[in-house]
Amino acid sequence: MSEKVALIGSGNWGSAVARIIGGNVHNFDHFDREVKMWVFEEQVDGRSLIDVINTEHENIKYLPGIKLPENVVACPDLVKTCADATMLVFVVPHQFVSNVCKQLKGNVPSNCKAISLIKGVDVNEHGFQLISNMIQESLGIRSCVLSGANIATEVAEGRFCETTIGYRNKSDGELFRDIFHTPYFRVTIVEDVIGVELCGALKNIVAIGGGLVDGLKLGDNTKAAIIRIGLCEMRKFSQMFYKDVKDTTFFESCGVADLITTCAGGRNRKVAEAHVTTGKPFDQLEQEMLNGQKLQGTSTAKDMYNILSKKGLCHEFPLMTTIYRICYENLPPSRIVEDI
Ligand code: NAD
Ligand code: 13P
């Protein structure tokens, strides 16, 4: 049976994985060679980003300097991008996924499978929802999750790293491994979708803490303490709300490794450091520093705080609670060590 992959998203990470998937579909007979990629249309220096991608094979705004395979075709229409796909790769910032799912509802083939590369959760009036569950429930299809220590530019440059795919159905995990695994992007598959997904969402909050520590120039020991305490809170939160989340997942790339890399080189870290050194609010720094890329850690800290405060659990998660308060309640950054 022929599988056809569609990419939903084309930012920094979406473009990096487009390069991998566009190459890997040539390695197996069962994949259609064309990979459609939904691009949220915008003008860059007076030119349509979609036209630039399809003529120059480069996402000059979100992943400049990296050539994309010519079989990756940028499309402006979300529904048309996915209409004939059997494998959907969701890689938009979490802020946009709910709207994407609304548009796709009833418009994807019933034999589709999905994978979410999104690090975040969705919050609505009923509480919070995992993105993979939202995809499953709104589209009626199964969804895996991919998450790992994967800073997009390093992956796009072909530097060795690992990643984790969480699956419910093993054959889905194996199928998605085929489109992602390369000698420099090593995929491990685990039967723990929720654990993999929560690692990816929660580590972004801890990365804000890592950046605050850098801005305060507290040094490597303090950074390591924030990472360790953060990992403990991530595990505690995950297993408190989802008892089947496995301890071993936290030792995969999606767990401790992603925490380390994000606290060393990610966007959340960078903006949090600048918050300390400039005193500017996070949303202003996101606009000034990220050229359209999105910060995920602050809004996830808010989402988690809303859940924890409603349940009277803030005292059990001092690091996440303090990070929320620094981001949203003007608490001085130095409280990152004083309050935990
Ligand atoms: P990004 O931060 O580069 O975000 C920008 C993207 O959002 C652009 O493609 C832009 O066109 C799009 N966009 C803007 N407004 C939109 C709208 N209203 N609707 C839909 N799309 C809109 O994106 P990214 O880095 O590809 O991140 C996607 C997901 O991947 C995130 O959850 C992120 O945490 C995760 N991730 C990122 C990296 C990384 O290093 N960048 C690594 C691993 C995982
Ligand atoms: P940032 O969003 O902080 O850049 O993190 C990227 C990432 O998830 C690396 O694995």
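Residues numbered from 1 in each chain as written. Chains lettered and ligands numbered in written order. Predicted model: local features only at pLDDT ≥ 70, side-chain atom pairs only at ≥ 80, totals over all residues. Heavy atoms only, no water.

Where an unreviewed UniProt entry is consulted, the protein chain appears under the name Glycerol-3-phosphate dehydrogenase [NAD(+)], with the organism given as Modicella reniformis. Quoted straight from UniProt, the Catalytic activity (unreviewed entry) entry for the protein chain says "sn-glycerol 3-phosphate + NAD(+) = dihydroxyacetone phosphate + NADH + H(+)". Checking UniProt for the protein chain, the heading Sequence similarities (unreviewed entry) contains the comment "Belongs to the NAD-dependent glycerol-3-phosphate dehydrogenase family." (UniProt positions renumbered as here; feature names shortened; annotations may be inferred.)

Things to note about helix H5 (residues 131-139)
Counting buried positions along H5 yields 7 of 9 residues, so the element is predominantly enclosed. Ile131, Ser132, Asn133, Met134, Ile135, Ser138 and Leu139 are the residues of H5 that are buried. (Buried < 20%, exposed > 50% of the residue type's maximum accessible area, 1.4 Å probe, protein only. Helix = DSSP H or I, 4+ residues; strand = E, 2+ residues; numbered from the N terminus.)

Points about the site of ligand 1
Lining the immediate surroundings of ligand 1 are 24 residues, of which Trp13, Lys119, Ala152, Lys294 and Gln296 lie closest. In this structure, Gly11 approaches ligand 1 through a main-chain N or O atom, which is 3.2 Å from an oxygen atom. Residue Ala152 places a main-chain N or O atom 2.9 Å away from an oxygen atom belonging to ligand 1. When ligand 1 is considered free in solution it has 840 Å² of accessible area, and contact with the protein chains removes 90% of it. Looking at the shell around ligand 1 residue by residue, the classes come out as 12 nonpolar, 8 polar and 4 charged. A domain-level breakdown of the shell around ligand 1 finds at least three residues from each of domain 1 (5-191) and domain 2 (195-338). (Near = heavy atom within 4 Å. Polar contact = N/O pair within 3.5 Å; in protein donor to acceptor, adjacent residues only side chain to side chain. Areas by Shrake-Rupley, 256 points an atom, 1.4 Å probe, with all protein chains shown as cover. Nonpolar A, V, L, I, M, F, W, Y, C, P; charged D, E, K, R; others polar. Domains from an automatic or database assignment.)

Concerning the pattern of salt bridges
For the structure shown, the criterion picks out 20 salt bridges. Its salt-bridge partner being Lys36, residue Glu34 comes within 4.0 Å of it at the nearest N-O pair. Note that Glu329 and Arg325 form a salt bridge whose closest N and O atoms lie 3.4 Å from each other. Classification of Arg325 as partly exposed rests on a relative accessible area of 30%. Three or more residues joined by partner-sharing salt bridges are found here, namely Lys4, Asp32, Glu34, Lys36 and Asp84. (Salt bridge = Lys/Arg side-chain N within 4 Å of Asp/Glu carboxyl O.)

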